[in-house]
Amino acid sequence: MKRLTLILGLGALAAVLAACSGTSAAPAAPAGSVDPNAIVVNAKDLKFSPTEVTAPADAPFEIVFDNQEGVPHNIVISDAAGTKVFDGEIVTSQKVTYQVPALAAGSYPFICALHPDMKGTVTAE
Amino acid sequence: MFARPTTLRVSDVVIRAGIVGLALATGYIHSTLGGLLFTLNAIGYVVAAIAMIVPLALAVRFRWVIRLGLMGYAATTILGWAIQGPYYSTAYLAKGIEVALIVLVAIDFARLDGNPVTVVRRELASFVALISSRRQAGAAA
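Thresholds, definitions, all that
- Residues numbered from 1 in each chain as written.
- Chains lettered and ligands numbered in written order.
- Predicted model: local features only at pLDDT ≥ 70, side-chain atom pairs only at ≥ 80, totals over all residues.
- Helix = DSSP H or I, 4+ residues; strand = E, 2+ residues; numbered from the N terminus.
- Buried ≥ 20, exposed ≤ 12 C-beta atoms within 10 Å, placed from the backbone.
- Contact = placed C-beta atoms within 7 Å.
- Pairing = 2+ DSSP bridges.
- Axes fitted to C-alpha atoms, helices over the stretch in contact; angles between N-to-C directions.
- Expected span 1.5 Å × (residues − 1).
- Arc of directions from axis to C-beta.
- Core = buried A, V, L, I, M, F, W, Y, C linked by C-beta atoms within 7 Å.
- Parallel < 35°, antiparallel > 145°, perpendicular 65-115°, else oblique.
- Left-handed = near helix turned anticlockwise from the far one by under 90°.
- Nonpolar A, V, L, I, M, F, W, Y, C, P; charged D, E, K, R; others polar.
- pLDDT = per-residue confidence, 0-100.

## Re the overall build of chain A
Phase 1 of the analysis: The helix and strand inventory of chain A stands at one helix and 10 strands.
Phase 2 of the analysis: For chain A, the α and β elements follow one another from N to C terminus as α-β-β-β-β-β-β-β-β-β-β.
Phase 3 of the analysis: Looking at chain A residue by residue over its 125 residues, the buried ones come to 30%.
Phase 4 of the analysis: Look at the contacts in chain A between residues 6 or more apart in sequence, and 65% of them connect residues 24 or more apart.

## Quick word on the sheet that holds strand E10 (residues 119-124) of chain A
All names here are of chain A.
Phase 1 of the analysis: The strand order E4-E10-E9-E6-E7 describes an open sheet built from five strands, whose pairing is mixed. The sheet terminates laterally at strand E4 (52-55) and strand E7 (84-87), the two strands that pair on one side only. The sheet shows a mean angle of 25° between the axes of neighbouring strands, taken without regard to direction.
Phase 2 of the analysis: In the sheet, strand E6 (residues 76-78) pairs with strand E9 (residues 106-111) via two bridges, with the strands oriented antiparallel. Considered in E9, the bridge of Ile-77 is made with Phe-110.

## Focus on helix H1 (residues 10-31) of chain B
All names here are of chain B.
Phase 1 of the analysis: If you check H1, its first and last C-alpha atoms are 31 Å apart, about what 22 residues at 1.5 Å a residue would give, namely 32 Å.
Phase 2 of the analysis: By the burial criterion, the buried members of H1 are Ile-19, Leu-22, Ala-23, Thr-26, Gly-27, Ile-29 and His-30. Along the axis of H1, the buried positions cluster into a sector of 165°, meaning they face one direction only. Exposed side of H1, more than 90 degrees from the buried face: Val-10, Val-13 and Val-14 are the residues found there.
Phase 3 of the analysis: Contacts from the buried residues of H1 go to helix H2 (36-53), helix H4 (63-84) and helix H5 (89-112).

## Description of the nonpolar core
Phase 1 of the analysis: Counting 50 residues, the largest nonpolar core has Ile-75 and Ile-77 of chain A together with Ala-23, Leu-101 and Leu-104 of chain B as the members making the most contacts within it.
Phase 2 of the analysis: When residues in this core are grouped by element, the largest group, 11 residues, is from H5 of chain B.
Phase 3 of the analysis: Setting aside anything within four residues of it in sequence, one finds Ile-75 of chain A in contact with Val-41, Ile-63, Phe-65, Gly-88, Tyr-98 and Phe-110 of chain A.

## Considerations on the packing of H2 of chain B against H4 of chain B
All names here are of chain B.
Phase 1 of the analysis: In the contact formed by H2 and H4, the axes pass within 10 Å of each other and the chain directions differ by 155°. By the criterion of interaxial angle, the relationship of H2 to H4 is roughly antiparallel. Where H2 crosses over H4, the two elements pack in a sense that is left-handed. Packed against H2, whose contacting residues are Asn-41, Gly-44, Ala-48, Ala-51 and Met-52, the element H4 presents Ile-66, Leu-70, Tyr-73 and Thr-77 at the interface.

## Brief notes about the packing of H1 of chain B against H5 of chain B
Residue and element names in this part refer to chain B.
Phase 1 of the analysis: With their axes 9 Å apart at the nearest point, H1 and H5 run at an angle of 150° to one another. Here H1 is positioned roughly antiparallel relative to H5, judged by the angle of their axes. Considering how the two elements wind past one another, H1 and H5 form a crossing that is left-handed.
Phase 2 of the analysis: A per-class count over the contact of H1 with H5 returns 15 nonpolar, four polar and five charged.

## Let's talk about the environment of Thr-39 of chain B
Phase 1 of the analysis: By the secondary structure assignment, Thr-39 of chain B is in helix H2.
Phase 2 of the analysis: A sequence separation of 11 residues divides Thr-39 of chain B from Tyr-28 of chain B, and the C-alpha atoms of the two residues are 9.4 Å apart.

## Description of the environment of Leu-104 of chain B
Residue and element names in this part refer to chain B.
Phase 1 of the analysis: With respect to the helices, strands and loops of the structure, Leu-104 is situated in helix H5.
Phase 2 of the analysis: In this structure the C-alpha to C-alpha distance between Leu-104 and Gly-18, which are 86 residues apart in sequence, comes to 7.4 Å.
Phase 3 of the analysis: Not counting chain neighbours up to four residues away, the residues in contact with Leu-104 comprise Ile-15, Gly-18, Ile-19 and Leu-22.

## Some words on the pairing of E7 of chain A
Residue and element names in this part refer to chain A.
Phase 1 of the analysis: Alignment of E6 against E7, held across three bridges, turns out to be antiparallel. Note on E7: the bridge partner recorded for Ile-77 is Phe-86.
Phase 2 of the analysis: The hairpin turn running from E6 into E7, its antiparallel successor, is five residues long, and Gly-82 in that turn takes a positive phi close to 90°.

## Focus on the pairing of E9 of chain A
Phase 1 of the analysis: For E9 of chain A and E10 of chain A, the ladder comprises six bridges, and the chain directions are antiparallel. Pairing of Ser-107 of chain A across the sheet is with Thr-123 of chain A, part of E10 of chain A.

## Side note on the confidence of the model for chain B
Phase 1 of the analysis: Looking at chain B, the pLDDT average stands at 90 and 95% of residues meet or exceed 70.
Phase 2 of the analysis: Taken over the whole predicted complex, pTM reads 0.77, whereas the ipTM for its chain interfaces reads 0.71.

Printed below as a string of structure tokens:
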């Protein structure tokens, strides 16, 4: 029983340590030297503002994401088929700049990964 | 209403304190995430932590159900996250805590209740016996 307890305890510790490593989202830069044409999206009260933004088609662009509350948020952009085309780093009470890859002309819904009810649309044109 | 004092060993108390601490830790993390689902999840962990230590006779009698429920609750939370994400540092920390929580509750269960299959069988048998005795009493009246 003692050995089982020890093994289970070590397993749990290993799981905790393994779990504390790395993230998969695109890293965001602190909002410093920002493209003046960058899109600005705010997050407050579990809502995006604005919810409709326009970006240039076929060219990378920046989104200045300002999370104005103490709840973690990010921006995840998907294509019409639901495939993720951009997954921004999750931030709390922080303003960051996302480097979004070029999007073909069209409409792309975006959400917060933690709060899928937070919705918006990027129109590339 | 309140249970009679039990003879818990020091190791039992340490494990129980660990369970309560881990449940409150993951509950706190979920409470900081905002939104209804995370808030309800946090409340669930707080209720489970209280249920693990409350000295009410009913809670003590059915602590095995609370243990199984807490393990299932944590496992469901991990499964839901594994399916939906998001995969970032705080989430990994919360899931690590939940894995450790499941392990500790399993140890607590094994030490105080024994084999879960045996416990469920025994409880089902006593439930069936209770129903039959009530039926017999009703027929005799």
